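# Examining the three-dimensional arrangement
Residues per chain are reported as follows:
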Amino acid sequence: MNFLLNPQIRRIFCLMAYHFDRSDVATAGLFNFFKQASLEERHHAELIMEYMNKRGGQIILSSVPEPKASYVSIKEALIDALNMEKEVNECYIANGFKVKDTLRILKNTYGDYLSDANENREIVQDLSSSN
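Residues numbered from 1 in each chain as written. Predicted model: local features only at pLDDT ≥ 70, side-chain atom pairs only at ≥ 80, totals over all residues. Heavy atoms only, no water.

Another point: the overall build of the protein chain. When helices and strands are counted, the protein chain shows 5 helices and 0 strands. Across the protein chain, helices and strands are ordered from the amino to the carboxyl terminus as α-α-α-α-α. Looking at the 131 residues of the protein chain, the share that counts as buried comes to 34%. At a minimum sequence separation of 6, the contacts of the protein chain that also span at least 24 residues come to 74%. In the form shown here, the protein chain has an accessible surface area of approximately 8000 Å², with 53% of it arising from carbon and sulfur atoms. (Helix = DSSP H or I, 4+ residues; strand = E, 2+ residues; numbered from the N terminus. Buried < 20%, exposed > 50% of the residue type's maximum accessible area, 1.4 Å probe, protein only. Contact = heavy atoms within 4.5 Å. Areas by Shrake-Rupley, 256 points an atom, 1.4 Å probe, with all protein chains shown as cover.)

Put into structure tokens, the structure is as follows:
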């Protein structure tokens, strides 16, 4: 499940948020949008890491390329955000995750550990929303 821990998207959304909070850019709507996206992605990563720790897995984070320091336009930032989401989606698909198969794949991988639906609901929701 380490492939689900894509730190790049979490870090870049945070940087995008604060780019649009700068005094020379000041686009409150985009700041709030990217800040919320960053917090949501971080929360998902924390849930996955907690889940892996509970199941005896090892958390392995890959290196992350340096993100852009600023954006020329709103359109450029939104295109970058969309491209990052597409990359994550492609990663899920490449690893066999599809909306209708998500629970089956997780059950096959973790067996009896998925008996508590409430504990795993948000992980499944994250996977489903990405497909």
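Right, picking up where we left off after that structure.
One recurring pattern in soluble globular proteins: nonpolar side chains tend to sit buried together. Membership of the largest hydrophobic core comes to 13 residues, with the highest contact counts inside it found for Phe-13, Met-16, Phe-20, Phe-34 and Ala-77. Elements represented by at least two residues in this core include exactly helix H1 (7-19), helix H2 (28-54) and helix H3 (74-94). Ignoring anything within four residues of it in the chain, the contact list for Phe-34 reads Phe-13, Met-16, Ala-17, Phe-20, Ala-77, Leu-78 and Ala-81. (Core = buried A, V, L, I, M, F, W, Y, C linked by side-chain atoms within 4.5 Å.)

Time to look at the environment of Ser-70. You can see Ser-70 is positioned in the loop between H2 and H3. Judged by its relative accessible area of 38%, Ser-70 falls in the partly exposed class. When the C-alpha atoms of Ser-70 and Phe-20 are compared, they prove to be 8.9 Å apart, with 50 residues separating the residues in sequence. With residues near it in sequence (within four places) discarded, Ser-70 still touches His-19 and Arg-22.

Helix length check: H2, at 27 residues, gives a terminal C-alpha distance of 39 Å against a target of 39 Å (1.5 Å per residue), a fit within 8%. Of all the positions in H2, only Leu-30, Phe-31, Phe-34, Ala-37, Ser-38, Glu-41, His-44, Ala-45, Leu-47, Ile-48, Tyr-51 and Met-52 are classed as buried. Two residues or fewer after H2 comes Gly-56, characterised by a positive phi angle close to 80°. (Expected span 1.5 Å × (residues − 1).)

Here we come to a nonpolar patch on the surface. On the surface, Phe-33, Ile-74 and Leu-78 cluster together into a nonpolar patch covering about 270 Å² of accessible area. Note on Leu-78: relative accessible area 39%, which makes it partly exposed. (Patch = residues over 30% accessible without salt bridge, like charges linked within 9 Å, V, L, I, M, F, W, Y side chains within 5 Å. Salt bridge = Lys/Arg side-chain N within 4 Å of Asp/Glu carboxyl O.)

So, about the UniProt feature "binding site: Fe cation" (unreviewed entry) in the protein chain. Mapped onto this structure's residue numbering, the UniProt feature "binding site: Fe cation" (unreviewed entry) falls at Glu-41, His-44 and Glu-85. Over a stretch of 45 residues, the named residues converge on one spot in the fold, their C-alpha atoms separated by at most 13.9 Å. Turning to its location among the elements, Glu-41 is positioned in helix H2. The class of Glu-41 is buried, set by a relative accessible area of 10%. (UniProt positions renumbered as here; feature names shortened; annotations may be inferred.)

Here we come to the environment of Lys-68. With respect to the secondary-structure elements, Lys-68 resides in the loop between H2 and H3. Spatially, the C-alpha atom of Lys-68 lies 9.9 Å from that of Asp-80, the residues being 12 residues apart in sequence. Ignoring anything within four residues of it in the chain, the contact list for Lys-68 reads Glu-76 and Asp-80. Polar contacts involving the side chain of Lys-68 include one to the side chain of Glu-76, which spans 2.6 Å. Only 3.0 Å separates the side chain of Lys-68 from the side chain of Asp-80, close enough to count as a polar contact. (Polar contact = N/O pair within 3.5 Å; in protein donor to acceptor, adjacent residues only side chain to side chain.)

The subject of this paragraph is the pattern of salt bridges. With the rule as written, the count across this model stands at 4 salt bridges. The shortest N-O distance in the salt bridge between Glu-46 and Arg-42 comes to 3.0 Å. Separated by 4 residues within a single helix, Glu-46 and Arg-42 lie in helix H2, roughly one turn from each other. Its relative accessible area of 31% is what places Glu-46 among the partly exposed residues. A salt bridge links Lys-68 to Asp-80; the nearest nitrogen and oxygen atoms lie 3.0 Å apart. Highlighted residues: Lys-68 in the loop between H2 and H3 and Asp-80 in helix H3, separated in sequence by 12 residues. Relative accessible area serves as the criterion here: at 37%, Lys-68 is assigned to the partly exposed category. Bridged by salt links that share partners, the residues Lys-68, Glu-76 and Asp-80 form one connected network.

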